[in-house]
Amino acid sequence: MFEFVYKMFGNGLAVIPKEGMQAIPNQLKSNLKNTHFKFNSPVKEVKDKRIILEDESILESNITIIATDASALISNLKNQETDWKSCNTLYFETKKRAINKPLIGLICDDNMLVNNIFYHTSVATLNKTGKELLSVTVVKRHQLNEKDLIDKVVEELHSKCNISDISFLKRYQIKKALPMLTNLQYEISSTETKLKSTIFLAGDQLLNGSLNAAMIAGERAAMGVIQTLEDGSITDELTSEYSS
Ligand SMILES: Cc1cc2nc3c(=O)[nH]c(=O)nc-3n(C[C@H](O)[C@H](O)[C@H](O)COP(=O)(O)OP(=O)(O)OC[C@H]3O[C@@H](n4cnc5c(N)ncnc54)[C@H](O)[C@@H]3O)c2cc1C
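K.L.:
What exactly am I supposed to notice about the domain arrangement of the protein here?
P.N.:
In terms of domain boundaries, the protein breaks down into domain 1 (41-80 + 181-243) and domain 2 (84-180). Between domain 1 and domain 2, the contact holds 6 residues from the first and 4 residues from the second. Between domain 1 and domain 2, roughly 410 Å² of surface is buried when both sides are summed, and carbon and sulfur atoms account for 62% of that area. On the domain 1 side of the interface with domain 2, the three residues burying the most area are Asp69, Leu181 and Gly209, jointly 69% of the side's total. Where domain 1 packs against domain 2, one counts 1 residue pair in polar contact (both at pLDDT 80 or more). In terms of residue class, the side of domain 1 that touches domain 2 is built from 1 nonpolar, 3 polar and 2 charged.

K.L.:
Which parts of the structure should I look at to understand the nonpolar core?
P.N.:
One recurring pattern in soluble globular proteins is that nonpolar side chains are buried together. The biggest cluster of nonpolar side chains holds 18 residues, and the ones touching the most others in it are Phe92, Ile117, Leu134, Val136, Val153, Leu157 and Ile163. In terms of residue count, helix 3 (residues 146-161) provides more of this core than any other element does, 5 residues in total. Sequence-distant contacts of Ile117, that is, excluding residues within four places in its chain, are made with Ile99, Leu103, Ile104, Gly105, Leu134, Ser135, Val136, Leu157, Cys161 and Ile163. Core analysis: the next-biggest nonpolar cluster, separate from the first, contains 10 residues, Ile188, Phe200, Ala213 and Val225 among them.

K.L.:
Please clarify how unusual backbone geometry should be interpreted in this entry.
P.N.:
For residues that are not glycine, phi is negative in most cases, and the peptide bond is trans in most cases. Its identity is not glycine, yet Lys49 carries a phi of approximately 65 degrees, on the positive side. Summarising the element assignment, Lys49 is placed in the loop between strand 1 (43-47) and strand 2 (50-53). Not every positive phi belongs to a glycine, and Glu56 is a case in point at roughly 75 degrees. Within the element layout of this structure, Glu56 appears in the loop between strand 2 and strand 3 (58-60).

K.L.:
I keep staring at the site of the ligand and nothing clicks. Help me out?
P.N.:
What surrounds the ligand is a group of 13 residues, the closest being Val43, Gly203, Asp204, Ser210 and Leu211. One of the backbone nitrogen or oxygen atoms of Ser210 is found 3.2 Å away from an oxygen atom of the ligand. Within the backbone of Leu211, an N or O atom sits 2.9 Å from an oxygen atom of the ligand. When the free accessible area of the ligand is taken as 1000 Å², the share hidden by the protein chains comes to 48%. If you list the elements that add at least two residues to the shell around the ligand, you get strand 9 (166-180) and helix 4 (211-230). Looking at side-chain class alone, the shell around the ligand contains 8 nonpolar, 4 polar and 1 charged residues.

K.L.:
Explain the environment of Asn88 to me, please; I cannot follow it from the model alone.
P.N.:
Along the polypeptide, Asn88 turns up in strand 5 (residues 83-94). On the basis of relative accessible area, Asn88 is assigned to the buried category, the value being 10%. Along the sequence, Asn88 and Lys196 sit 108 residues apart, while their C-alpha atoms lie 37 Å from each other. Excluding its chain neighbours within four sequence positions, the residues that come into contact with Asn88 are Val136, Thr137, Val138, His142, Leu149, Arg171, Tyr172 and Gln173.

K.L.:
What is the right way to read the sheet that holds strand 4 (residues 64-66) from this model?
P.N.:
Neighbouring strands of a sheet are bound in pairs by backbone hydrogen bonds; such pairs are parallel or else antiparallel. Across the sheet, 3 strands lie side by side as 4-11-10; this open sheet has mixed pairing. Each of the sheet's edge strands pairs with one partner strand only, and the pair in question is strand 4 and strand 10 (194-196). Each strand axis lies, on average, 25 degrees off the axis of its neighbour in the sheet, ignoring direction. Bridge count for strand 4 against strand 11 (residues 199-201) is 3 bridges, and the pairing is parallel. Across the sheet, residue Ile66 finds its bridge partner in strand 11, namely Leu201.

K.L.:
Hey, could you run me through the layout of surface pockets in this one?
P.N.:
A water-sized probe, rolled over the atoms, reveals where empty space remains. Of the volumes computed, that of the second largest pocket is approximately 490 Å³. Across the lining of the second largest pocket, the residue classes break down as 8 nonpolar, 9 polar and 5 charged.

K.L.:
Got a minute to help me understand the pattern of salt bridges in this structure?
P.N.:
Close approach of charged atoms lets side chains of opposite charge pair. Within this structure, the stated rule accounts for 13 salt bridges. In this structure, Asp48 and Lys196 form a salt bridge, with 3.5 Å as the shortest nitrogen-oxygen distance. Taken together, the positions of Asp48 in the loop between strand 1 and strand 2 and Lys196 in strand 10 put the pair 148 residues apart, joining distant regions of the chain. For Asp48, a relative accessible area of 43% puts it in the partly exposed group. Residue class for Lys196 comes out partly exposed when judged on its relative accessible area of 37%. Overlapping salt bridges bring together Lys152, Glu155 and Glu156 as one network.

Conventions used here
Residues numbered from 1 in each chain as written. Predicted model: local features only at pLDDT ≥ 70, side-chain atom pairs only at ≥ 80, totals over all residues. Heavy atoms only, no water. Domains from an automatic or database assignment. Contact = heavy atoms within 4.5 Å. Buried area = accessible area lost by both parts, 1.4 Å probe. Polar contact = N/O pair within 3.5 Å; in protein donor to acceptor, adjacent residues only side chain to side chain. Nonpolar A, V, L, I, M, F, W, Y, C, P; charged D, E, K, R; others polar. Core = buried A, V, L, I, M, F, W, Y, C linked by side-chain atoms within 4.5 Å. Buried < 20%, exposed > 50% of the residue type's maximum accessible area, 1.4 Å probe, protein only. Helix = DSSP H or I, 4+ residues; strand = E, 2+ residues; numbered from the N terminus. Near = heavy atom within 4 Å. Areas by Shrake-Rupley, 256 points an atom, 1.4 Å probe, with all protein chains shown as cover. Pairing = 2+ DSSP bridges. Axes fitted to C-alpha atoms, helices over the stretch in contact; angles between N-to-C directions. 1 Å grid on protein atoms, 1.4 Å probe; cavity = no way out; pocket = protein on both sides within 12 Å on 5 of 7 lines; lining within 4 Å. Points joined across faces, edges and corners; volume = space filled by probe spheres on them. Salt bridge = Lys/Arg side-chain N within 4 Å of Asp/Glu carboxyl O.

If you want it as structure tokens, here you go:
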């Protein structure tokens, strides 16, 4: 994983869209003209040709790609759950930046809670408030409630990073931040994404915890679906379903 991350920083710059990460799915979505999105619809179970939602409603499906950890969704994958690393990201507003260059500040002190800091306003951004946006990430486990966590982070920023005069904006607790993987991979074949002819798997947890991995796995799963449609078996089934 270190070699991969090191290679990525060697190949290009660390970047973030001007409108934030949400701009990436927005852009992908804007190119899909015939796709129907159903948001806020947690899935309980995926079966052959059926997706059962938490609210017990059922979606008919000829082929399903599960783009997340599938173990809880498919009965014969139980006990193969992915473990996850979690993190807390706290956002603050400040008047000025302690780091002027667009750099991620890594805090290499075992006794500190804060792991890294980044000023989003150090790169091109659509933020027009005139204030600086600071994100602070905590990866260490702790038992602090939100108030104590904020107080501790503010104190550490002051004592270690010389950052003061900040106001707290929002905290995100990301329980499934990155998959905890022992068998890291960079590639997967489209046939490996195929659980059965009606269910395919995708998601970064198949390879390594990164957007690259998520995109590679998604593309291979899509190729797997196309191959399955092209090889005819499922198409024959679909044709007979539609004609009947
Ligand atoms: C703070 C942070 C910073 C990161 N920075 C970087 C970075 O700089 N570069 C990089 O390459 N990677 C980074 N990553 C990792 C990157 O975000 C992930 O690797 C990537 O988002 C994984 O994409 P995915 O599509 O596999 O999974 P996700 O983006 O996690 O998508 C899975 C989706 O499935 C949904 N879902 C799960 N279960 C169900 C269910 N039962 N029913 C319905 N929906 C469900 C979830 O809600 C989620 O929307 C970062 C991650 C974090 C947390």
